Amino acid sequence: DLEGNIIGLTMRVGRHVYGNAAMIADALFADASKSILFLGEPGSGKTTVVREATRLLSERHNVCIVDTSNEIGGHGRSPHSCVGKARRLMVPSLDQQESVMIECVQNHTPEVIVIDEIGRANEVKSARTCKNRGVRMIASAHGDLRGLVKNPELRG
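First things first, this report covers the structure right here in the doc. Bear in mind the structure is a predicted one, so any value in this text is a computation, not a measurement.

### Notes on the layout of surface pockets
Now for step 1: Put simply, the second largest pocket is a space of about 220 Å³.
Now for step 2: Contributing to the lining of the second largest pocket are 15 residues, with Arg 12, Gly 43, Thr 47, Thr 48 and Glu 71 lying nearest its centre.
Now for step 3: Among the elements that make up the lining of the second largest pocket, the one with the highest residue count is helix α2 (residues 46-58) (four residues).

Next comes the structure, spelled out in structure tokens:
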């Protein structure tokens, strides 16, 4: 509340749905240079699909997860087994996501970076920098295509 007292709690439970990325396998594996952005409203399953896509891609590529809220790889010391062989970089705070993305490219030589909930202009700029360095981006964002097209900060 306004006085700093805790009056409620929200707990999100991530799910792994094995096989739910089969519907996009052609996009995942046809052209390894093409990045993918999943758009949708909160609760529509973007992260669930991204998690399974991460597992599939990690079977063939060096995949790193830049995990701001630990929703893709879980909160433990090691990433959850549902993301396969992907490595995870935990982001200490939301305002550091873009710098961790660049650090990932500089220090971990990924072929693919996975980001959940990219949404601010500085994150888009960092994603573009990673892409320009030859890294494929798999990301999710809240909203729809019409909203993305109308938002010049996020269009990239």
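Moving on from the model shown.
### Thoughts on the nonpolar core
Now for step 1: Judged by nonpolar contacts, the single largest core of 19 residues is most densely connected at Leu 28, Phe 38, Val 114 and Ile 138.
Now for step 2: Broken down by secondary-structure element, the contributors of at least two residues to this core are β1 (36-40), α2, β2 (63-67) and β4 (112-115).
Now for step 3: In terms of residue count, α2 provides more of this core than any other element does, five residues in total.
Now for step 4: Look past the residues within four positions of Phe 38 in its chain and what remains in contact with it is Ile 24, Lys 46, Val 49, Val 50, Ile 138, Ala 139, Ser 140 and Ala 141.
Now for step 5: In terms of nonpolar packing, the next biggest core, distinct from the first, is built from 18 residues, Ile 113, Ala 127, Cys 130 and Met 137 among them.

### Focus: the packing of aromatic side chains
Now for step 1: For the coordinates displayed, the defined rule picks out zero aromatic pairs.
Now for step 2: The lysine or arginine in question, Arg 60, covers the ring of Phe 29, its NZ or CZ lying 3.9 Å from the ring centre.

### Considerations on the pairing of β1
Every regular strand shows the same layout, with side chains that alternate between the two sheet faces.
Now for step 1: Residue alternation in β1 divides its side chains into a buried set, Ile 36, Phe 38 and Gly 40, and an unburied set, Leu 37 and Leu 39.
Now for step 2: Across five bridges, the pairing between β1 and strand β5 (residues 136-142) is parallel. Bridging from a neighbouring strand, Phe 38 pairs with Ser 140 of β5.

### Concerning the sheet that holds β5
Now for step 1: Read from one edge of the open sheet, five strands run β1-β5-β4-β2-β3, paired in parallel fashion. Each of the sheet's edge strands pairs with one partner strand only, and the pair in question is β1 and β3 (87-90). The average angle at which neighbouring strand axes cross in this sheet is 15 degrees, direction not considered.
Now for step 2: Packing against the sheet, helix α3 (residues 97-108) makes contact with β2, β3, β4 and β5, and its axis sits at approximately 160 degrees to β2.

### Thoughts on α3
Now for step 1: Its twelve residues place the ends of α3 16 Å apart at the C-alpha level, agreeing with the 16 Å of an ideal helix rising 1.5 Å per residue.
Now for step 2: Those residues of α3 lying buried are Gln 97, Glu 98, Val 100, Met 101, Ile 102, Cys 104 and Val 105.
Now for step 3: Contacts made by the buried residues of α3 are with β2, β3, β4, α4 (121-132) and β5.
Now for step 4: Thr 109 sits one or two positions beyond α3 and adopts a positive phi of about 40 degrees.

### Regarding a nonpolar patch on the surface
Now for step 1: Side chains of Leu 9, Met 11 and Val 13 sit close together on the surface and give an oily, nonpolar patch of about 400 Å² of accessible area.
Now for step 2: Residue placement: Leu 9 occurs in the segment before α1 (25-30).

### Notes on the environment of Pro 152
Now for step 1: For Pro 152, the location among the structural elements is in helix α6 (residues 152-155).
Now for step 2: Judged by relative accessible area, Pro 152 falls into the exposed class, the value being 58%.
Now for step 3: Each C-alpha atom of the pair Pro 152 and His 80 lies 35 Å from the other, and the pair is 72 residues apart in sequence.

The rules behind these values
- Residues numbered from 1 in each chain as written.
- Predicted model: local features only at pLDDT ≥ 70, side-chain atom pairs only at ≥ 80, totals over all residues.
- Heavy atoms only, no water.
- 1 Å grid on protein atoms, 1.4 Å probe; cavity = no way out; pocket = protein on both sides within 12 Å on 5 of 7 lines; lining within 4 Å.
- Points joined across faces, edges and corners; volume = space filled by probe spheres on them.
- Helix = DSSP H or I, 4+ residues; strand = E, 2+ residues; numbered from the N terminus.
- Core = buried A, V, L, I, M, F, W, Y, C linked by side-chain atoms within 4.5 Å.
- Buried < 20%, exposed > 50% of the residue type's maximum accessible area, 1.4 Å probe, protein only.
- Contact = heavy atoms within 4.5 Å.
- Phe/Tyr/Trp six-rings, centres within 6.5 Å; stacked < 30°, edge-to-face > 60°.
- Lys NZ or Arg CZ within 6 Å of the ring centre and 35° of its normal.
- Pairing = 2+ DSSP bridges.
- Axes fitted to C-alpha atoms, helices over the stretch in contact; angles between N-to-C directions.
- Expected span 1.5 Å × (residues − 1).
- Patch = residues over 30% accessible without salt bridge, like charges linked within 9 Å, V, L, I, M, F, W, Y side chains within 5 Å.
- Areas by Shrake-Rupley, 256 points an atom, 1.4 Å probe, with all protein chains shown as cover.
- Salt bridge = Lys/Arg side-chain N within 4 Å of Asp/Glu carboxyl O.

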